[in-house]
There are 2 protein chains.
Amino acid sequence: MSDTIEQKCLSKGVKLTDQRRIIAKVMSESSDHPNVDELYNRVSKIDSKISIATVYRTVKLFEESGILTKHEFKGGKARYEELNEGHHDHLIDVKSGEIIEFVDEEIEKLQKKVAEKYGYNLVDHKLELYGIKKKSQ
Amino acid sequence: MSDTIEQKCLSKGVKLTDQRRIIAKVMSESSDHPNVDELYNRVSKIDSKISIATVYRTVKLFEESGILTKHEFKGGKARYEELNEGHHDHLIDVKSGEIIEFVDEEIEKLQKKVAEKYGYNLVDHKLELYGIKKKSQ
DNA sequence: ATTTAAATTTTTAATTATTTGCATTTGTTT
DNA sequence: AAACAAATGCAAATAATTAAAAATTTAAAT
């Protein structure tokens, strides 16, 4: 676990307020990928006065500052995750909704290669695998 | 270009009405990936009485019947595309919005391998590359 | 320490994309 | 043709998100 979001805000010059600090803390302590609703519920437990509009604005601010990433998995609401050095993709259990993070360097390389082939510089990408857990025997 | 959507409906037992036939025709003749608005505009030129609710209902029906696929590219509205045998992924020009289709068998294989590694059967996946066109020299 | 200005938050209203309820129309069965 | 089902159009309802206005907090300047 690397820097907290609060530390990242400091080093990036993102101003912190009480509510932003709480949102930052909750996100930093979340090991899953909460959507705004879930995040709002968690911060509400710490300060019930925080409005959902602030949560929306803050995750957007953090995203624009490169502190969080937004995922738009199939058919659901946007989910947020702290952005750390180690990039990864996601494998989603279609039954339970569980999200597994993975990295595959080979796939990464091939993606870049595909973009190059068409004359593009790859600036972003999204890879999501949807799977069903195999019966363990 | 394979079967038209109308033919697919016949072979799959999806009932066709005048408006569905028009929507099917417009989709079959579209080589891009229209969103519902764009599709609605195109069908309106043929029959201005078709309502957007019908367009929504029809693309959903076609999707559930395995005739269309729905793409939820970053930050925009859902886009639809005719589903043919040849699966492919998408490279999106972040400046122009242009969408390029590509296939990379190696990536496909690796995806399956990753899912297996975590004990999953891959049932679906989404790979989108976002790129900026290189200056052609 | 007050005043002033700027930024942020809350509350509420507005938007956007999509879906649904319901009356009407169209199609099918008898 | 009457009766029933299915599909459509319209308008209202939802859901997620954003924006506007007013209130409050924070920071800066006197």
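Computed from a prediction, not measured in an experiment: that's the story for all the values here.

### Looking at the overall build of chain A
Summing up its helical and strand segments, chain A has five helices and five strands in all. Shown N-terminal to C-terminal, the secondary structure of chain A runs as helices and strands in the order α-α-α-α-β-β-β-β-α-β. With the principal axes as the frame, chain A shows a C-alpha extent of 50 × 40 × 25 Å. Here chain A, with 137 residues, has 42% of them falling under the buried criterion. Looking at chain A as shown, the accessible area adds up to about 8,000 Å², and 49% of this sits on carbon and sulfur atoms. Chain A carries 24 positive and 25 negative side-chain charges, and their two centres are separated by 4 Å.

### Brief notes about the relation of the copies chain B and chain A
Both copies of the chain are related through a single rotation about an axis accompanied by a shift along the same axis. With an RMSD of 0.1 Å, chain B superimposes on chain A once it is rotated by 180° and translated 0.1 Å along the axis. Overall, the copies show the geometry of a two-fold rotation axis. If distances are taken from each C-alpha of chain B to the rotation axis, the shortest is found for B:Leu127, at 2.2 Å. Take the interface residues of chain B: 100% of them recur as interface residues in chain A, which is what a same-surface contact looks like.

### What about the interface of chain B and chain A?
If you look at the interface, chain B gives 35 residues, while chain A gives 35 residues. Between chain B and chain A the total buried area reaches about 3,400 Å² when both faces are included, carbon and sulfur atoms providing 62% of it. Summed over the three residues of chain B that lose the most area to chain A, namely B:Tyr120, B:Lys126 and B:Lys134, the buried surface amounts to 21% of that side. Among the ionic pairs, B:Lys126 bridges to A:Glu128, the shortest N-O distance being 4.0 Å. Remark: the boundary between chain B and chain A carries 16 residue pairs in polar contact (both at pLDDT 80 or more). Where the side of chain B that touches chain A is concerned, the elements lending two or more residues are strand 3 (89–93), strand 4 (99–102), helix 5 (105–117) and strand 5 (120–133) of chain B. Element by element, the count of residues in the side of chain B that touches chain A is highest for strand 5 of chain B, at 14 residues. Broken down by class, the residue content of the side of chain B that touches chain A amounts to 16 nonpolar, six polar and 13 charged. Sheet analysis places strand 5 (residues 120–133) of chain A next to strand 5 of chain B, joined by 13 bridges and oriented antiparallel. Bridge pairing in strand 5 of chain B places A:Tyr130 opposite B:Asp124.

### Observations regarding the environment of A:Lys8
Residue and element names in this part refer to chain A. Mapping Lys-8 onto the fold places it in helix 1 (residues 5–12). Take Lys-8: its relative accessible area is 10%, and that puts it in the buried class. As a C-alpha pair, Lys-8 and Ala-24 span 16 residues in sequence and 9.8 Å in three-dimensional space. In this view, Lys-8 contacts Asp-3, Ile-67, Glu-82, Leu-83 and Asn-84; residues no more than four positions away in its chain are not counted.

### So, helix 1 (residues 5–12) of chain B
Residues and elements named next belong to chain B. Within helix 1 the residues assigned to the buried category are Ile-5, Lys-8 and Cys-9. Projected down its long axis, helix 1 carries its buried residues within an arc of 100°, all on one side. Looking at helix 1, the residues exposed on the side facing more than 90 degrees away from the buried face are Leu-10 and Ser-11. Looking at the buried residues of helix 1, the elements they touch are helix 2 (18–29), helix 4 (52–64), strand 1 (68–71) and strand 2 (79–82). Directly beyond the C-terminal end of helix 1, a positive phi value near 75° is found at Gly-13.

### A few points about the protein's contact with DNA strand C
In the region of DNA strand C, 16 residues are neighbours, and A:Thr17, A:Thr54, A:Arg57, B:Tyr56 and B:Lys77 sit closest. At 2.6 Å from a phosphate oxygen of DNA strand C is found a side-chain nitrogen or oxygen belonging to A:Thr17. Contributing elements (two or more residues each) for the surface near DNA strand C: helix 2 (18–29) and helix 4 (52–64) of chain A together with helix 4 of chain B. Per-element accounting of the surface near DNA strand C gives the leading share, four residues, to helix 4 of chain B. Looking at the surface near DNA strand C residue by residue, the classes come out as five nonpolar, four polar and seven charged.

### Focus: the packing of aromatic side chains
On inspection of all chains with the given rule, the structure shows zero aromatic pairs over all chains. The residue whose ring lies beneath A:Lys74 is A:Tyr130, and the NZ or CZ to ring-centre distance is 4.9 Å.

### What about the pattern of salt bridges?
Residue and element names in this part refer to chain A. Applying the stated criterion to the full structure yields 20 salt bridges over all chains. Across the pair Lys-77 and Asp-37 runs a salt bridge, and its minimum N-O distance is 3.4 Å. Residue Lys-77 is found in the loop between strand 1 (68–71) and strand 2 (79–82), and its partner Asp-37 is found in helix 3 (residues 36–46); the two are separated by 40 residues along the sequence. Under the relative-accessibility criterion, Asp-37 is labelled partly exposed at 35%.

The rules behind each value
- Residues numbered from 1 in each chain as written.
- Chains lettered and ligands numbered in written order.
- Predicted model: local features only at pLDDT ≥ 70, side-chain atom pairs only at ≥ 80, totals over all residues.
- Heavy atoms only, no water.
- Helix = DSSP H or I, 4+ residues; strand = E, 2+ residues; numbered from the N terminus.
- Buried < 20%, exposed > 50% of the residue type's maximum accessible area, 1.4 Å probe, protein only.
- Areas by Shrake-Rupley, 256 points an atom, 1.4 Å probe, with all protein chains shown as cover.
- Lys, Arg positive; Asp, Glu negative; His and termini not counted.
- Charge placed at Lys NZ, Arg CZ, Asp CG, Glu CD.
- Least-squares fit on C-alpha atoms with pLDDT ≥ 70 in both.
- Contact = heavy atoms within 4.5 Å.
- Buried area = accessible area lost by both parts, 1.4 Å probe.
- Salt bridge = Lys/Arg side-chain N within 4 Å of Asp/Glu carboxyl O.
- Polar contact = N/O pair within 3.5 Å; in protein donor to acceptor, adjacent residues only side chain to side chain.
- Nonpolar A, V, L, I, M, F, W, Y, C, P; charged D, E, K, R; others polar.
- Pairing = 2+ DSSP bridges.
- Arc of directions from axis to C-beta.
- Near = heavy atom within 4 Å.
- Phe/Tyr/Trp six-rings, centres within 6.5 Å; stacked < 30°, edge-to-face > 60°.
- Lys NZ or Arg CZ within 6 Å of the ring centre and 35° of its normal.

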